[in-house]
Amino acid sequence: MGINLSEKQIKEWRGVVVVTDPTWGDNGKGKIVDLLSSRAQMSIRYNGGPNAGHTVRNEHGEFKFHLIPSAIFNPDCLSIIANTVVIDPIKLGEEILALRKAGIAVTEKNLLIGQNAHLIMPWHRIRDNFAEMIRTGEKIGTTGKGIGPTYADRTERLGLQMRDLVGSDFEKKFVREIDRQERLISVMEGKEYHFEKKEMYEQLLSAREILAPLVNEVMEKIDSFHQKGKRILGEAGQGALLDLDLGTYPFVTSSHPGVVGFNLATTIPVKSINEVIAVTKAYTTRVGAGPMPTEDTGALGERIREIGKEFGTTTGRPRRCGWLDIPALRYGAQVAGADSLALTKLDIFDEFDEINLCVGYELGGHQVDKISHADALFLHEARPILKSFPGWGENTTQIRDYEKLPQNARHFIEKIEEMVKVPIKIVSVGANRIETIYR
């Protein structure tokens, strides 16, 4: 049974809620997680690494998180970084110190880090960039943060974990691993390669000082909270169309952003999840390479980018922008396991005279309005079929009641809902918590 996401019912929320993204990420999950986190008793970041960025704005200020769960501001919520996340210990330490400097307590009482999470090390970033450089054909568009190589080492049962960093024999394991990685990179580059071992080791010791009290066996905690019926919030990184198996392969990430990823991270069965909320903007964006049928490289795309401030939280790269892609959204919502949608950035279209939706694709004289898999070649060659809607020409950022939205705005929202076949329960008309409409 799903929860009805009125403001009152969020306060009465019970059980497990997962917030994910049905497309290519960057759709505003941070805000929706922040809305729910005020009532969460446990919040779990369950996939990806510092390649995913969430921006949260609240009474404490603006924060750009890459690893810290967005619920960290709730002192009564235990935030978890799951074993299935890959962690840059230096960056995580910096995020924790920045929060403490802002007066936000971060201790083992409100943040735990899975001891089996793999560490992203400098050699992973080198391998990431080197692999991108030597790709024949189209590049993947990786963030260069070392995510893929870290997950690759994990698959090969190699690399270092959080438990190694805080263990008594860390120096021994560090020396052994850095030797292996130097030999590997030397082979990749065709010349001898050496790291600054002493400097790197000292940085890791500094990070260990910050992180060690927070590293724990998190699965027992997760199971205990679930068995007691506590309010658990799952927080995804990236989006369902970047799923390793079901996304636009090979232009994908190395983990599972949808509801399956939450199950893998927590062992909480999918059938035990009360609501999966998939967050999508009123238009489509993508960072990095890969197909995006509705991308507009001209004045329209630039206008959306500028008004929407579409620049990556993690990389600062300008996002590719275009009209909302309904077939991709419908498929992504299925992969994500969406029970409901949260539609963000509706206000970006307040001054548009005309707004389009991509309702299907045209390829080789054939029209397609539904896809059953994210075939990268098909999506690269497909051309969008657009349906035009009149704009509303009003400022929506002050509206809090759905019925008070302009009629054209409501028609636009309801058409998306009708075509995707998933109810839209939240409409965001600004970045702040209060700029939210519940249906």
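In this text the structure is predicted, and so the values were computed from the model without any measurement.

Visitor: I'd love a proper account of the packing of aromatic side chains, names of residues and values included.
Guide: Under the defined criterion, the tally for this structure stands at 18 aromatic pairs. Ring geometry for Y46 versus F262: centroids 5.6 Å apart, planes at 80°, classification edge-to-face. Separated by 216 residues along the polypeptide, Y46 in the loop between β2 (42–45) and β3 (54–58) and F262 in helix α10 (residues 259–266) bring together distant segments of the chain. The same class applies to Y46 and to F262, which are both buried. Arranged with centres 6.5 Å apart and planes meeting at 35°, the rings of W123 and F174 form a pair that is tilted. Of this pair, W123 sits in helix α4 (residues 122–134) while F174 sits in helix α7 (residues 170–189), and the two are 51 residues apart along the sequence. Take W123: its relative accessible area is 0%, and that puts it in the buried class. For F174, a relative accessible area of 2% puts it in the buried group.

Visitor: An account of the side chain of K31 is requested, with residue identities and associated values reported.
Guide: Following the sequence through the fold, K31 ends up in helix α2 (residues 29–37). One buried charged side chain, K31, makes no salt bridge at all; its nearest oppositely charged neighbour is E435, positioned 5.4 Å away. A polar side-chain atom of K31 sits 2.7 Å from the main-chain carbonyl oxygen of G430. Aside from chain neighbours lying at most four places away, what touches K31 is T55, S428, G430, A431, N432, R433, E435 and T436.

Visitor: Lay out the packing of helix α3 (residues 89–101) against helix α8 (residues 197–211) with the relevant residues and their values.
Guide: The geometry of α3 relative to α8 is characterised by a closest axis approach of 9 Å and an angle of 50° between their N-to-C directions. Judged on the interaxial angle alone, α8 and α3 are oblique. Crossing hand, α3 versus α8: left-handed. Contact with α3, carried on its side by P89, I90, L92, G93, I96, L97 and R100, involves Q203, L204, A207, I210 and L211 of α8 and no other residues of that element. A class-by-class count of the residues in the contact of α3 with α8 yields nine nonpolar, two polar and one charged.

Visitor: Before we move on, could you go through the pattern of salt bridges and cite the residues and values that matter?
Guide: Going through the model one piece at a time under the given rule, you end up with 22 salt bridges. In this structure, the salt-bridge partner of E295 is R320, at a minimum N-O distance of 3.0 Å. In this pair, E295 sits in the loop between β10 (283–286) and α11 (299–308) while R320 sits in strand β11 (residues 320–325), placing the two residues 25 residues apart along the sequence. Of the residues examined, E295 reaches a relative accessible area of 30% and is grouped as partly exposed. For R320, a relative accessible area of 16% translates into the label buried. If you follow the salt bridges from partner to partner, you end up with D26, K281, E310, R319 and K345 in one network.

What counts, and at which threshold
Residues numbered from 1 in each chain as written. Predicted model: local features only at pLDDT ≥ 70, side-chain atom pairs only at ≥ 80, totals over all residues. Heavy atoms only, no water. Phe/Tyr/Trp six-rings, centres within 6.5 Å; stacked < 30°, edge-to-face > 60°. Helix = DSSP H or I, 4+ residues; strand = E, 2+ residues; numbered from the N terminus. Buried < 20%, exposed > 50% of the residue type's maximum accessible area, 1.4 Å probe, protein only. Lys, Arg positive; Asp, Glu negative; His and termini not counted. Salt bridge = Lys/Arg side-chain N within 4 Å of Asp/Glu carboxyl O. Polar contact = N/O pair within 3.5 Å; in protein donor to acceptor, adjacent residues only side chain to side chain. Contact = heavy atoms within 4.5 Å. Axes fitted to C-alpha atoms, helices over the stretch in contact; angles between N-to-C directions. Parallel < 35°, antiparallel > 145°, perpendicular 65-115°, else oblique. Left-handed = near helix turned anticlockwise from the far one by under 90°. Nonpolar A, V, L, I, M, F, W, Y, C, P; charged D, E, K, R; others polar.

Limitation: the analysis is restricted to geometry and does not speak to function.
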